[in-house]
Amino acid sequence: EDVPFLKHHNSMVLALRRYSAAVNHMEHTVLLPTLLRDVPSDDISDGEVEEEASQDLYQNYLTLKAIKVTVESGLIPLDDRRSAKSRAATPSPSLTSGSPVEADQEALFHFHLSGLFSVLGHLTKKSQSLTEKYKEIIGVAY
């Protein structure tokens, strides 16, 4: 079947599929996730939150799998701990001022879509990096 929106490398569907494929590959490769405990993550970027930076690869593995479930199944209510964290984060005043009807909806959509592409790209790379690190740990070279 020829699906036109899959031909564009920047389509959201393709980005979601790439992420799911990377996590599926990670899940199939990582047969003993507990080997990732206490192994520090190498792919910390400047923009990451300190709490995420202190997570070991095992926590990253669990997080990447949980996000994949959400991507494939839809939104699932977050537990109180996670929702409290998100309430503490302050959204940008330029995006929250005025009613949604008054805001430039196209610009707002583009802003959030760009952010989603960025996050999905980062998570895809993180999944691939975790898979490669696991291969190093178990001594598998491709």
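What you see is a predicted model; the values in this text were computed from it and never measured. (Residues numbered from 1 in each chain as written. Predicted model: local features only at pLDDT ≥ 70, side-chain atom pairs only at ≥ 80, totals over all residues. Heavy atoms only, no water.)

Student: Can you lay out the nonpolar core for me, pointing to particular residues and giving the numbers?
Tutor: In terms of nonpolar packing, the biggest core is built from 16 residues, with Tyr-19, Met-26, Val-30, Leu-36, Tyr-61, Leu-64 and Leu-130 touching the most fellow members. Listing elements by their share of this core, those giving two or more residues are α1 (12-29), α3 (57-73) and α6 (105-138). Here this core gets five residues from one element, more than from any other, and that element is α1. Look past the residues within four positions of Leu-64 in its chain and what remains in contact with it is Tyr-19, Val-23, Met-26, Leu-123, Lys-126, Ser-127 and Leu-130. (Core = buried A, V, L, I, M, F, W, Y, C linked by side-chain atoms within 4.5 Å. Buried < 20%, exposed > 50% of the residue type's maximum accessible area, 1.4 Å probe, protein only. Helix = DSSP H or I, 4+ residues; strand = E, 2+ residues; numbered from the N terminus. Contact = heavy atoms within 4.5 Å.)

Student: Provide a residue-level description of the packing of α3 against α6, including the pertinent values.
Tutor: Helix-helix packing is characterised by the crossing angle of the two axes and by the distance between the axes. Two numbers describe how α3 lies on α6: the axes approach to 10 Å, and their chain directions differ by 135°. In terms of axis orientation, α3 runs oblique to α6. For α3 against α6, the interelement crossing comes out left-handed. Residues Leu-57, Asn-60, Tyr-61, Leu-64 and Ile-67 of α3 pack against Leu-123, Lys-126, Ser-127, Leu-130 and Lys-133 of α6. (Axes fitted to C-alpha atoms, helices over the stretch in contact; angles between N-to-C directions. Parallel < 35°, antiparallel > 145°, perpendicular 65-115°, else oblique. Left-handed = near helix turned anticlockwise from the far one by under 90°.)

Student: How would you explain α1 if you had to name every residue and give the values?
Tutor: If you check α1, its first and last C-alpha atoms are 26 Å apart, about what 18 residues at 1.5 Å a residue would give, namely 26 Å. Along α1, the positions that sit buried rather than exposed are Met-12, Ala-15, Tyr-19, Ser-20, Ala-22, Val-23, Met-26 and Thr-29. (Expected span 1.5 Å × (residues − 1).)

Worth remembering: the numbers are spatial, not functional.
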